[in-house]
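Coordinates in review
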Amino acid sequence: MKEKGRKILIILLLAVAIGCAGYLIWYYASAAKSAESYEKARKEAVVDTTNQTTDEEEKVVIPIDFASLQETNPDVHAWIKIDGTNIDYPVVQNEEQEEYYLTHTWEGKYAAEGAIFTQAFNKKDFTDFNTVIYGHQMGEGVETMFHQLGNYLDDGYMKDHSEIVIYTPEHILTYKVFAAVVYDDRHLMKYYDYDKAEDRQAFLDSLKNSRDMRNKYNDQLEVTTSDRIISLSTCIAAEPDHRLLVEAVLTDEK
């Protein structure tokens, strides 16, 4: 009887091992396929601006081919880029399903990596007080999506990677990072009513009031309720009740 029990246990352990191996194979294969998808997006997005000129009365030249990207997926409404990182992606929004892009690429194909996305709580033109941009923090060995946001908790990283650029079909928006905060998992757009000045201030205060020793701040930047900010939000490995927020304030708009 004991021998039979041992055999059953061995079979169960083998099944678990095979299942784990299968998941890892799928996970990394999915990540590789998604990487191809985003490389395709970067190629589609390239605009030749060599011979394009502008003057003060003309529209700014946007170096992203949104028309081409939107032919593939009309949900593409912006592009995010942080120099010195792998963060160089289209930004999408599904107006009907809040979490659709947690599990779908910018092309709308199922994948563990998902996409960089906003939700319909925010306008697509980044004119809200706080536009929240979501992305996965992928596992070790897959430094895509918002994986590198975790580096903002390292000393000196914020100073060397302080600028975030958002391209929209009409504008180039430049932001400066003013905080990297380990936050709780509340839904920022549901918890705060950013139409109210007191809620805008409450959110800014909450960033300072977070007592996690890992938090980093740029105290040289003064951020007020009259500013426009973005919150880059991602998960933290092994901390399901926490989110990492990288906060940046708009400093230039063209």
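Quick note: structure is the one above.
These notes cover the structure that comes with them. (Residues numbered from 1 in each chain as written. Predicted model: local features only at pLDDT ≥ 70, side-chain atom pairs only at ≥ 80, totals over all residues. Heavy atoms only, no water.)

What follows is about the overall build of the protein chain. A tally of regular secondary structure across the protein chain gives five helices and nine strands. Across the 254 residues that make up the protein chain, the buried fraction comes to 45%. In the protein chain, of all internal contacts separated by at least 6 residues, the share reaching a separation of at least 24 is 62%. Surface exposure of the protein chain reaches about 14000 Å², of which carbon and sulfur atoms provide 52%. (Helix = DSSP H or I, 4+ residues; strand = E, 2+ residues; numbered from the N terminus. Buried < 20%, exposed > 50% of the residue type's maximum accessible area, 1.4 Å probe, protein only. Contact = heavy atoms within 4.5 Å. Areas by Shrake-Rupley, 256 points an atom, 1.4 Å probe, with all protein chains shown as cover.)

As a further point, take the nonpolar core. Residues I80 and L232 are the most contacted members of the largest nonpolar core, which totals 65 residues. Ranked by residues supplied to this core, first place goes to strand 6 (residues 172-184) with 10 residues. Setting aside its immediate chain neighbours within four residues, L232 contacts I80, I82, I133, F146, L149, I164, L244, L245 and V246. (Core = buried A, V, L, I, M, F, W, Y, C linked by side-chain atoms within 4.5 Å.)

Attention now moves to the side chain of H104. Note that H104 resides in the loop between strand 2 (88-92) and strand 3 (116-117). Residue H104 is classed as buried on the basis of its relative accessible area of 15%. H104 has contacts with K109, Y110, A111, G114 and A115, leaving out every residue within four places of it along the chain.

Our focus in this paragraph is the pattern of salt bridges. Within the structure shown, the criterion is met by 13 salt bridges. One salt bridge in this structure joins K208 and D219, with 2.7 Å as the shortest N-O distance. Within this pair, whereas K208 is found in helix 5 (residues 197-209), its partner D219 is found in the loop between strand 7 (216-217) and strand 8 (229-235), the two being separated by 11 residues in sequence. Within the structure, one salt-bridge network assembled from shared partners comprises K81, D83 and D88. (Salt bridge = Lys/Arg side-chain N within 4 Å of Asp/Glu carboxyl O.)

It is worth spelling out helix 5 at this point. Along its 13 residues, helix 5 runs 18 Å from first to last C-alpha, staying within 8% of the 18 Å computed at 1.5 Å per residue. Taken residue by residue, helix 5 has D199, R200, F203, L204, S206 and L207 as its buried positions. Burial along helix 5 is one-sided: seen end-on, the buried residues are contained in an arc of 155°. Looking at the buried side of helix 5, the elements it contacts are strand 4 (130-134), strand 6, helix 4 (188-191), strand 7, strand 8 and strand 9 (242-253). (Expected span 1.5 Å × (residues − 1). Arc of directions from axis to C-beta.)

From the geometry alone we can't say anything about function, so treat these as descriptive.
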